[in-house]
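Each chain, letter by letter, is given below.
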Amino acid sequence: MRNIKYVLFGAVLFTTGLFAQLQPVQYKDGNQILNGLAIKPSKSSAQKPGILVLPAWKGIDAHAKTTAENLSKLGYYAFVADIYGEGNYPQTTADAGKMAGFYKQNTDLYQKRIELALEQLIQSGANPDNIAVIGFCFGGTGALEAARDHLKVKGVVSFHGGLGKDANRAVTPINTKVLACHGADDPFVSKEEIAAFQQEMRDAKADWEMIYYANAVHSFTDPAAGNDNSKGAAYNEKAAQRSFEHMKLFLNEVLQK
């Protein structure tokens, strides 16, 4: 009998081994080798919707992979981006903080890596006119950067992502729809940063929404984060399930299937 593993993400129970599998994809930014992952939808559609997954600060992890697999089972092409590149993957949280901080300060380089990953998503079969970007933590910041940089995507979803941007950067109109899923008790995002983000969305005339999840801190969608809220980052099953459902509603609205 085939060995079947069960994975719970959000509110949906999926089986692995019966559907499409993640495939490694090597691509480049100049001389820098990047190693992403692509997966096709379990059931193809004429509209071929695609979703780019931007991982958290340590790079491609189990959570990003599981997310891409589950998106495939919902009928989406998915691609997990490699932001750091071969030879630059963080080994410690200190390394991850340093690397993520570099790209947050050099948003043009971050946006370029996102755009290169979008190209790979399209090459895998996704419709270039029917794409969204989602991201977790550092990747959530990247999803917002995709909207700020006017990349050709219909919607972006930030899960417990950093919301801020350099105040010296001009606010320009944002046509991409924006969903920010945020832990109500996240200690890493200040009230000032939240207020500035919301004002930015208003000034940009964006179609945006921000949803708070009770008793949730940073990394609330990632089971690997543990369950100790006092550490500032912890998994919250209820918030993970609710935010997954909110993402599904958002994607159903912005993407054609």
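Residues numbered from 1 in each chain as written. Predicted model: local features only at pLDDT ≥ 70, side-chain atom pairs only at ≥ 80, totals over all residues. Heavy atoms only, no water.

What about the pairing of strand β3 (residues 23-29)?
Put simply, side chains in a regular strand alternate between the two faces of the sheet.
Here's step 1: Pairing analysis gives 7 bridges linking β3 to strand β4 (residues 32-39), with the strands arranged antiparallel. Within the sheet, the bridge partner assigned to K28 lies in β4 and is I33.
Here's step 2: Hairpin remark: β3 followed by β4, antiparallel, with 2 residues in the connecting loop; positive phi at G30, about 65°. (Pairing = 2+ DSSP bridges. Helix = DSSP H or I, 4+ residues; strand = E, 2+ residues; numbered from the N terminus.)

Regarding the confidence of the model for the chain
Here's step 1: Summing up the model confidence of the chain, the mean pLDDT is 93 and the portion of residues at 70 or higher is 93%.
Here's step 2: Within the model, the stretch residues 1-17 combines pLDDT values under 50 with 38 contacts to residues more than four positions away or in other chains. (pLDDT = per-residue confidence, 0-100. Contact = heavy atoms within 4.5 Å.)

Overview of helix α2 (residues 93-105)
Here's step 1: With 13 residues, α2 extends 18 Å between its outermost C-alpha atoms, agreeing within 8% with the 18 Å of an ideal straight helix rising 1.5 Å per residue.
Here's step 2: Of the residues making up α2, those classed as buried are A96, A100 and Y103. The buried residues of α2 occupy an angular sector of 60° when projected down its axis, which confines them to one face. Structural note: α2 exposes A94, K98 and Q105 on the side pointing more than 90 degrees away from its buried face.
Here's step 3: Buried positions along α2 lie against α3 (107-123) and α4 (138-148). (Expected span 1.5 Å × (residues − 1). Buried < 20%, exposed > 50% of the residue type's maximum accessible area, 1.4 Å probe, protein only. Arc of directions from axis to C-beta.)

What to know about the packing of α3 against α4
Here's step 1: Where α3 meets α4, the axes come as close as 10 Å, and the angle between the chain directions of the two elements is 90°. In this view, α3 runs roughly perpendicular relative to α4, as classed from their interaxial angle. Across from T107, Y110, Q111 and I114 in α3, the residues of α4 making contact are F138, G139, T141, G142, E145 and A146.
Here's step 2: Of the residues assigned to the contact of α3 with α4, the class counts are 4 nonpolar, 5 polar and 1 charged. (Axes fitted to C-alpha atoms, helices over the stretch in contact; angles between N-to-C directions. Parallel < 35°, antiparallel > 145°, perpendicular 65-115°, else oblique. Nonpolar A, V, L, I, M, F, W, Y, C, P; charged D, E, K, R; others polar.)

Focus on the side chain of D29
Here's step 1: Along the chain, D29 falls in strand β3.
Here's step 2: Overall, D29 belongs to the buried group, its relative accessible area being 14%.
Here's step 3: Those residues in contact with D29, other than ones at most four positions away along the chain, are L34, K112, R113 and L116.

Some details on the sheet that holds β3
Here's step 1: The strand order β3-β4-β6-β5-β7-β8-β9-β10 describes an open sheet built from 8 strands, whose pairing is mixed. On the outer flanks of this sheet lie β3 and β10 (208-213), each paired with one strand and no other. Sheet twist, expressed as the mean angle between neighbouring strand axes with direction ignored, is 20°.
Here's step 2: Contacts between helix α5 (residues 191-203) and the sheet are confined to β9 (177-183) and β10, with β10 contributing the most and set at about 155° to the helix.
Here's step 3: Sheet strands in contact with helix α6 (residues 237-254) are β5 (50-54), β7 (131-136), β8 (155-159), β9 and β10, and its direction is about 175° off that of β9.

Remarks on the state of the cysteines
Here's step 1: All told, the structure shown has 0 disulfides when counted by the stated rule.
Here's step 2: Unpaired in this structure, C137 has its nearest cysteine sulfur neighbour in C181, at a distance of 12 Å. (Disulfide = S-S within 2.5 Å.)

Topic: the pairing of β7
Here's step 1: Counting buried positions along β7 gives 6 out of 6 residues, so the element sits mostly inside the fold.
Here's step 2: The alternating pattern of β7 places I131, V133 and G135 and A132, I134 and F136 on opposite faces, both of which are buried.
Here's step 3: In terms of strand pairing, β7 meets β8 through 5 bridges, oriented parallel. Bridging from a neighbouring strand, F136 pairs with F159 of β8.
Here's step 4: Crossover handedness for the path β7 to α4 to β8: right-handed. (Right-handed = clockwise from strand over helix to strand, strands pointing away.)

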